[in-house]
Amino acid sequence: MSRFLLVMPPLAGHVNPAAGIAAELAARGHQVAWTGTETVLEPLLGPRATVFGTGTRAFRALGGHGLASVRSLWEGFVVPYAKFTMKPLDAVVREYRPDVLLVDQYTPAGALLAHRHGLPWASFAPGAMELGRPYRALPQVEAWMTGHLEALWRRARLPEEEFTDPRFSPHLVVATSGRALLAEDLPDTPRYALVGPVLTERPADPSFPWERLDPARRTVLVTMGTLSDAVGADFLDRAVRALARHGEGIQAVVAASAGALPTALPDTVVAVERAPVLELLSRGSLDAVLCHGGMNTVGEALAHGVPLLLAPIRNDQPFVAQRVAEAGAGLRVPFTRASPATVAERLRRVLDDPSFRTAAQRLGRELLAGGGAVTAADRLEALAAGTPASPSH
């Protein structure tokens, strides 16, 4: 059996799908450990997970739109998080002695340490941002990103002539998506394992107020992602006012921090900091999802045949939202400009027109064909055994 080390950022949308892969590896008898911000990982993973903490530090929430959001992501999170975790990650690798690392694309320090110690590693891509080169038409932006990565490479004291992009393992890239939601020109090579959504049971949240959900009402989940509080409050206010226009027939589960929500909420809104999304979906409790277009939330909704209303904010979200809309599985609204009336009208269409649910079910079947955690574990086992890659889905 092999020892796997998962290097993950403190972001629920990245940790949750990785947890399903970890569970599949553990069920096959492998040893699995995690490393990252323990105060975030431990509540998400539960008490049985082996977590090597790298320490806790506050990183600012993502802000801005367009290219400003790219700067915020890299300078506010990716680069400082890599610098902060580099030294403790090195100690973890030395102590745990993994056979293979699974490294999230937002945690390049894990790839640098794998290179330093001569260990095989797989990239983990829970989104589409790093797969389709969205800034290929802006070479100066790509060069700016590469400059940050080269600086991290030098900081790790690795030979400059050996530089390789730490977002893309030369061995294996595991993406929890499928071609239906990715760039059409994504390379069709065995290195890419497009496994689709990972749907695995997560630790239960005993605090969720299930008793407040009325089965006689249609239910909408509203979530704008882990790091969107800084820019999401205004949209959430408009979304709540849009929901009020639907009257008593629709209720909503709104997942957001208390500071991002309006002070006065109608009785038909259940506000929580974190929603048990998979449990809501698997119970058949949701009729639609209103979200930012994050790949994890979109993939899980589609896998359960639930249509979406999308208000993309940044990074790969506009691209994912467009693919969903083109497939007929949902609609999109402008995040910064959509009025409560517009949000209410688009949500009504998504709820009332059965074609959206039909398209969501079709798209979900396509994504599930990737094999999820089972296929990901197969590919990681093959990497550990030194077996040549098999064709991707």
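Remember, predicted model here, so these are calculated numbers, not experimental data.

Enquirer: How would you sum up the overall build of the chain? Please name residues and give values.
Expert: Tallying secondary structure elements over the chain gives 12 helices and 13 strands in all. What you see for the chain is a C-alpha radius of gyration of 20 Å, in line with the 21 Å of a compact globule of 393 residues. Principal axes of the C-alpha set define a box for the chain whose edges measure 60 × 45 × 40 Å. The burial tally for the chain puts 56% of its 393 residues in the buried class. Within the chain, residue pairs in contact and separated by at least 24 positions form 67% of the contacts whose partners lie at least 6 positions apart.

Enquirer: Give me the lowdown on the sheet that holds strand E3 (residues 51–53), citing residues and values where you can.
Expert: Pairing between the strands of a sheet comes from backbone hydrogen bonds, and it takes one of two forms, parallel or antiparallel. Strand order in this open sheet of seven strands is E3-E2-E1-E4-E5-E6-E7, and the pairing throughout is parallel. Of all the strands in the sheet, just E3 and strand E7 (192–194) have a single pairing partner and so form its edges. Going across the sheet, the axis of each strand differs from the next one's by a mean of 20°, ignoring polarity. As judged from the three bridges shared by strand E6 (residues 172–175) and E7, these two strands associate in the parallel manner. Counterpart to Val-173 in the pairing with E7 is Tyr-192. Helix H4 (residues 108–117) rests against strand E1 (3–7), strand E4 (100–104) and strand E5 (121–125) of the sheet, and its axis sits at about 155° to E4.

Enquirer: How would you explain helix H1 (residues 12–27) if you had to name every residue and give the values?
Expert: In a regular helix each residue adds 1.5 Å, so 16 residues correspond to 22 Å; H1 covers 22 Å between its end C-alpha atoms and thus fits that length. The set of residues buried in H1 consists of Ala-12, His-14, Val-15, Asn-16, Pro-17, Ala-18, Gly-20, Ile-21, Ala-22 and Leu-25. Immediately downstream of H1, the backbone of Gly-29 shows phi near 95°, a positive value.

Enquirer: Explain the packing of helix H8 (residues 295–303) against helix H11 (residues 354–368) to me, using residue names and the numbers behind them.
Expert: Interaxial distance between H8 and H11 falls to 7 Å at its minimum, and their mutual angle equals 110°. Considering their axes alone, H8 and H11 lie roughly perpendicular with respect to each other. Of the residues in H11, those in contact with Gly-299, Leu-302 and Ala-303 of H8 are Ala-360, Leu-363, Gly-364, Leu-367 and Leu-368. Along the lines of polarity and charge, the residues of the contact of H8 with H11 split into six nonpolar, two polar and no charged.

Enquirer: Which residues make up H4, and what values do they have?
Expert: The element H4 is extensively covered by neighbouring structure, given that seven of its 10 residues are classed as buried. Along H4, the positions that sit buried rather than exposed are Pro-108, Ala-109, Gly-110, Ala-111, Leu-112, Leu-113 and Ala-114. Where H4 ends, the next residue or the one after it, Gly-118, has phi of about 65°, a positive value.

Enquirer: Break down the sheet that holds strand E12 (residues 308–310) for me, citing the residues and quoting the values.
Expert: Spatially, the six strands line up as an open sheet ordered E10-E9-E8-E11-E12-E13, and their pairing is parallel. Every interior strand has two partners, whereas the edge strands, strand E10 (269–272) and strand E13 (330–332), have only one. Strand-to-strand twist in this sheet, taken as the mean axis angle between neighbours without regard to direction, amounts to 15°. When E12 meets E13, the two strands line up parallel, connected through three bridges. Within E13, the residue paired with Leu-309 across the bridge is Leu-331. Strands in contact with helix H10 (residues 340–352) are strand E8 (218–223), strand E9 (250–255), strand E11 (288–291), E12 and E13; relative to E8, the strand with the most contacts, it is inclined by about 125°.

Enquirer: Report on the pattern of salt bridges, specifying residues and quantitative values.
Expert: Here the idea is simple: oppositely charged side chains can pair when their charged atoms come close. This model, assessed by the stated rule, comprises 17 salt bridges. Salt-bridge contacts for Arg-349 lead to Glu-345; the nearest nitrogen and oxygen are separated by 3.8 Å. Linking Arg-349 with Glu-345, this pair stays in helix H10, spanning four residues, or about one helical turn. Looking at Arg-349, the relative accessible area reads 39%, which means it is partly exposed. The structure contains a network of salt bridges with shared partners spanning Glu-24, Arg-28, Asp-378 and Glu-381.

Enquirer: Which residues make up the environment of Gly-110, and what are the values?
Expert: Inspection of the secondary structure assignment puts Gly-110 in helix H4. Residues Gly-110 and Val-7, spaced 103 residues apart in sequence, show a C-alpha to C-alpha distance of 6.1 Å. In this view, Gly-110 contacts Val-7, Leu-89, Leu-101 and Val-103; residues no more than four positions away in its chain are not counted.

Enquirer: Can you lay out the packing of aromatic side chains for me, pointing to particular residues and giving the numbers?
Expert: One pass over the structure, following the stated rule, counts six aromatic pairs. Taking 5.4 Å as the distance between ring centres and 25° as the angle between the ring planes, the aromatic pair formed by Phe-235 and Phe-335 counts as stacked. Placement of the pair is Phe-235 in helix H6 (residues 229–244) and Phe-335 in the loop between E13 and H10, with a sequence separation of 100 residues. Above the ring of Tyr-96, the side-chain terminus of Arg-3 is found at 4.4 Å from the ring centroid. The positively charged end of Arg-283 is found above the aromatic ring belonging to Trp-210, 3.7 Å away from the centroid.

Each value, and the rule that gives it
Residues numbered from 1 in each chain as written. Predicted model: local features only at pLDDT ≥ 70, side-chain atom pairs only at ≥ 80, totals over all residues. Heavy atoms only, no water. Helix = DSSP H or I, 4+ residues; strand = E, 2+ residues; numbered from the N terminus. Rg over C-alpha atoms; globule rule 2.2 N^0.38 Å. Buried < 20%, exposed > 50% of the residue type's maximum accessible area, 1.4 Å probe, protein only. Contact = heavy atoms within 4.5 Å. Pairing = 2+ DSSP bridges. Axes fitted to C-alpha atoms, helices over the stretch in contact; angles between N-to-C directions. Expected span 1.5 Å × (residues − 1). Parallel < 35°, antiparallel > 145°, perpendicular 65-115°, else oblique. Nonpolar A, V, L, I, M, F, W, Y, C, P; charged D, E, K, R; others polar. Salt bridge = Lys/Arg side-chain N within 4 Å of Asp/Glu carboxyl O. Phe/Tyr/Trp six-rings, centres within 6.5 Å; stacked < 30°, edge-to-face > 60°. Lys NZ or Arg CZ within 6 Å of the ring centre and 35° of its normal.

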